[in-house]
Amino acid sequence: GNEASQLAAVAQAEYANRRRRDMYFRSDMFAEPAWDMLLDLYVQHYRKRPVSVHSLCIAAAVPATTALRWITKLVDHDLVLRRPSSIDNRVIHVSLTQRGVDEMEEYLRERLHQRRNYGG
């Protein structure tokens, strides 16, 4: 629906702003791989696109070992789910759990509300 596309747009904008900031500052100054992953997973969830561990590591803009450690942490916190691809068992897909979707939507709704009210 309309709200879903607006929430995805907020997540996309927030992710793009973080990458833009990396152009000006050393990216490790503000490294928040878990947050980058959650934003990317939310956008891909909205687009109904599967996300591989490999592409999620790239989205997090950190070394693979760091990204993998954070994926494990997100799994432990029941925010994301890892499962083998139905097409290729060597590929592991990562997606938001229902809790992950719910918590991201709560946050993004708040951001959407702020934007409407304060133009921020």
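Keep in mind that what you see is a predicted model, and the values were worked out from it rather than measured.

> How would you sum up the packing of helix α1 (residues 2-24) against helix α2 (residues 33-47)? Please name residues and give values.
Close contact between α1 and α2 brings their axes to 9 Å; oriented N to C, the two are set at 145°. Here the hand of the crossing between α1 and α2 comes out left-handed. Along its contact with α1, which presents A4, S5, L7, A8, A11, Q12, E14, Y15, R18 and R19, the element α2 presents W35, D36, L39, Y42, V43, Y46 and R47. Tallied by class, residues from the contact of α1 with α2 come to ten nonpolar, two polar and five charged.

> Go over helix α4 (residues 64-76), please, and point to the residues and values.
A rise of 1.5 Å per residue sets the reference length of α4, with its 13 residues, at 18 Å; its end C-alpha atoms lie 18 Å apart and thus fit the reference within 8%. Listed as buried for α4 are T66, A67, I71 and L74. The buried residues of α4 all sit within an arc of 140° when viewed along its axis, so they share a single face. Residues of α4 that are exposed and point over 90 degrees away from its buried face: T65, R69 and D76. Buried residues in α4 make contact with α2, α3 (53-59) and β2 (80-84). D78 occupies a position one or two residues after α4 and carries a positive phi of about 60°.

> Account for a nonpolar patch on the surface, naming residues and giving values.
Side chains of M23, Y24, F25, M29 and F30 sit close together on the surface and give an oily, nonpolar patch of about 600 Å² of accessible area. On the secondary structure map, M29 appears in the loop between α1 and α2.

> Which residues make up the pattern of salt bridges, and what values go with them?
Tallied over the entire structure, the rule returns nine salt bridges. Ionic pairing is found between R19 and D36, a salt bridge with its closest N-O pair at 3.3 Å. Of the two residues, R19 sits in helix α1 while D36 sits in helix α2, which places them 17 residues apart along the sequence. The exposure class of D36 is buried, given its relative accessible area of 2%. Among the salt bridges present, the one from D88 reaches R90, with a minimum N-O distance of 3.0 Å. Sharing partners across several salt bridges, the network here consists of R18, R19, D22, E32 and D36.

> Could you give me a rundown of unusual backbone geometry, with the residues and numbers involved?
The phi dihedral of K48 is positive, around 60°, even though this residue is not glycine. Within the element layout of this structure, K48 appears in the loop between α2 and β1 (51-52). The exposed category is assigned to K48, whose relative accessible area is 72%. Of note, the phi angle at D78 is positive, near 60°, even though the residue is not glycine.

Cut-offs and rules
Residues numbered from 1 in each chain as written. Predicted model: local features only at pLDDT ≥ 70, side-chain atom pairs only at ≥ 80, totals over all residues. Heavy atoms only, no water. Axes fitted to C-alpha atoms, helices over the stretch in contact; angles between N-to-C directions. Helix = DSSP H or I, 4+ residues; strand = E, 2+ residues; numbered from the N terminus. Left-handed = near helix turned anticlockwise from the far one by under 90°. Contact = heavy atoms within 4.5 Å. Nonpolar A, V, L, I, M, F, W, Y, C, P; charged D, E, K, R; others polar. Expected span 1.5 Å × (residues − 1). Buried < 20%, exposed > 50% of the residue type's maximum accessible area, 1.4 Å probe, protein only. Arc of directions from axis to C-beta. Patch = residues over 30% accessible without salt bridge, like charges linked within 9 Å, V, L, I, M, F, W, Y side chains within 5 Å. Areas by Shrake-Rupley, 256 points an atom, 1.4 Å probe, with all protein chains shown as cover. Salt bridge = Lys/Arg side-chain N within 4 Å of Asp/Glu carboxyl O.

Honestly, it's all geometry; don't read function into it.
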